[in-house]
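Commentary on secondary and tertiary structure
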Amino acid sequence: MSRRAALLGLLIALVLFATPAAAQTPASSALVDQAGQAYDQSRYGDAAQLYRRAAESGGEGPELRYDLGNCYLKAGDLGRAILEYRRALASEPSLVAAQKNLALARSLLPARVAPYQPSPWEAAIARIPVRGLQWLVIVLALVANAGLALVILLASGRGRRAAAVLLVGAAVCAGLACTALLYAKTVLPSHRPAVVLRSAPVHAAPEAQGAPLATLPAGSEVILAARAGDRVLVLWGEGRGWTEASAVEAP
C-alpha cells in the first residue's frame with residue numbers, strides 16, 4: 001500500500017512540475033519564430049510586437065528580453081532597449097551579450113542624467129538584512145531594560161552612574177536602530193530602478209504647476225520613489241521631482 005502511495009505521489013509531482021512548461025512552450029515558441037523572421041527582414045517594429053506577445057503567452061525569459069531589446073536598439077528606441085536589456089540582466093546577470101548591448105545603447109544616448117547615488121546612511125541600511133536590524137533592536141532594548149533595573153536597584157555611587165550611562169546609551173542606540181528598521185521596511189522597498197522612455201519634464205509637486213524643474217532625457221536611468229495617481233516621484237543624480245507615470249517604467 002505504501003509503495004502505491006509513493007508511486008502516486010511521484011506521478012503527481014511529475015505532472016505538477018511538467019505541466020507549466022508544456023502549457024507555455026507552444027504558443028510562445030511560434031511567436032518567437034515569427035518574431036525572428038520579422039527581425040531578419042528588418043521589420044523591427046513587428047518583431048518587437050511579436051516578442052511582447054510571446055512574453056505575454058508565457059515565454060518570459062532573459063533571452064526573449066534580450067531579443068526584444070535588440071529590436072528596440074535597431075529601431076532607435078534607446079530607452080526601451082535599455083529597459084529590456086536591464087530586464088534580461090535582472091533574471092540572468094551573467095548574460096554577456098545583454099551586458100555588451102546595454103553598454104552600447106547607453107553610449108548611443110545623446111544625453112542622460114547622472115544616476116541616483118544613495119546617501120551613506122541609505123547605503124549602510126541597505127547592506128544590513130532586515131532580520132539583523134530586528135535582532136539589533138531587541139538586543140538594545142534588553143540592554144536598556146537591564147540598565148534601568150540596575151539604576152533602580154543599585155545605591156548611589158559609581159555603579160549606579162555606570163548603569164545610567166548604559167541605560168541612556170542603549171536607549172539612544174535602540175532609537176536609531178528602530179529608525180533604521182522603519183526606513184528599511186517602508187522606504188527602501190519603494191525605491192525601484194526605472195528607465196525614462198521619453199523626454200519627461202519633472203516638477204516639484206505632483207500637480208505639475210509652473211515651470212518644470214528639469215527635463216529628463218529618454219534613456220535616463222532613475223529611481224521610482226513614490227506614486228500619486230498618474231504621477232510618480234523620481235530620483236536622479238542631481239535631484240528629484242514628479243513626472244508622468246507613463247514616461248518611466250521599471251525593469
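First things first, this report covers the structure right here in the doc. (Residues numbered from 1 in each chain as written. Predicted model: local features only at pLDDT ≥ 70, side-chain atom pairs only at ≥ 80, totals over all residues. Heavy atoms only, no water.)

1. Overview of the side chain of N101
Its place among the elements puts N101 in helix α5 (residues 96–108). Residue N101 is classed as buried on the basis of its relative accessible area of 17%. Looking at N101, its side chain comes within polar contact range of the side chain of N70, at 2.8 Å. Ignoring sequence-local partners within four residues, the contact set of N101 consists of Y66, N70, L73 and Y85. (Helix = DSSP H or I, 4+ residues; strand = E, 2+ residues; numbered from the N terminus. Buried < 20%, exposed > 50% of the residue type's maximum accessible area, 1.4 Å probe, protein only. Polar contact = N/O pair within 3.5 Å; in protein donor to acceptor, adjacent residues only side chain to side chain. Contact = heavy atoms within 4.5 Å.)

2. Focus: helix α4 (residues 78–91)
In this model, α4 (14 residues) spans 20 Å end to end at C-alpha, consistent with the 20 Å of a helix rising 1.5 Å per residue. α4 sits mainly inside the fold: 10 of its 14 residues count as buried. Of the positions making up α4, those classed as buried are L78, G79, A81, I82, L83, E84, Y85, R87, A88 and L89. Among the structural elements, α3 (62–75), α5, β1 (192–196), β4 (221–228) and β7 (248–249) are those in contact with the buried residues of α4. (Expected span 1.5 Å × (residues − 1).)

3. So, the packing of aromatic side chains
Think of a pair of aromatic rings as described by two things: how far the centres are apart, and how the planes are tilted against each other in angle. Enumeration according to the criterion identifies 2 aromatic pairs in this entry. The interplanar angle of 65° and the centroid separation of 5.3 Å between the aromatic rings of Y39 and Y44 together place this pair among those described as edge-to-face. With a centroid separation of 6.0 Å and an interplanar angle of 45°, the aromatic rings of Y66 and Y85 are classed as tilted. In this pair, Y66 sits in helix α3 while Y85 sits in helix α4, placing the two residues 19 residues apart along the sequence. (Phe/Tyr/Trp six-rings, centres within 6.5 Å; stacked < 30°, edge-to-face > 60°.)

4. Here's the deal with unusual backbone geometry
Backbone geometry places S42, a non-glycine residue, at a positive phi of 65°. Turning to its location among the elements, S42 is positioned in the loop between α1 (2–40) and α2 (44–59). Residue S42 is classed as partly exposed on the basis of its relative accessible area, which comes to 46%. A positive phi angle is found at A208, which is not glycine, with a value near 60°. Classification of A208 as partly exposed rests on a relative accessible area of 29%.

Interpretation in functional terms is not warranted from these geometric data alone.
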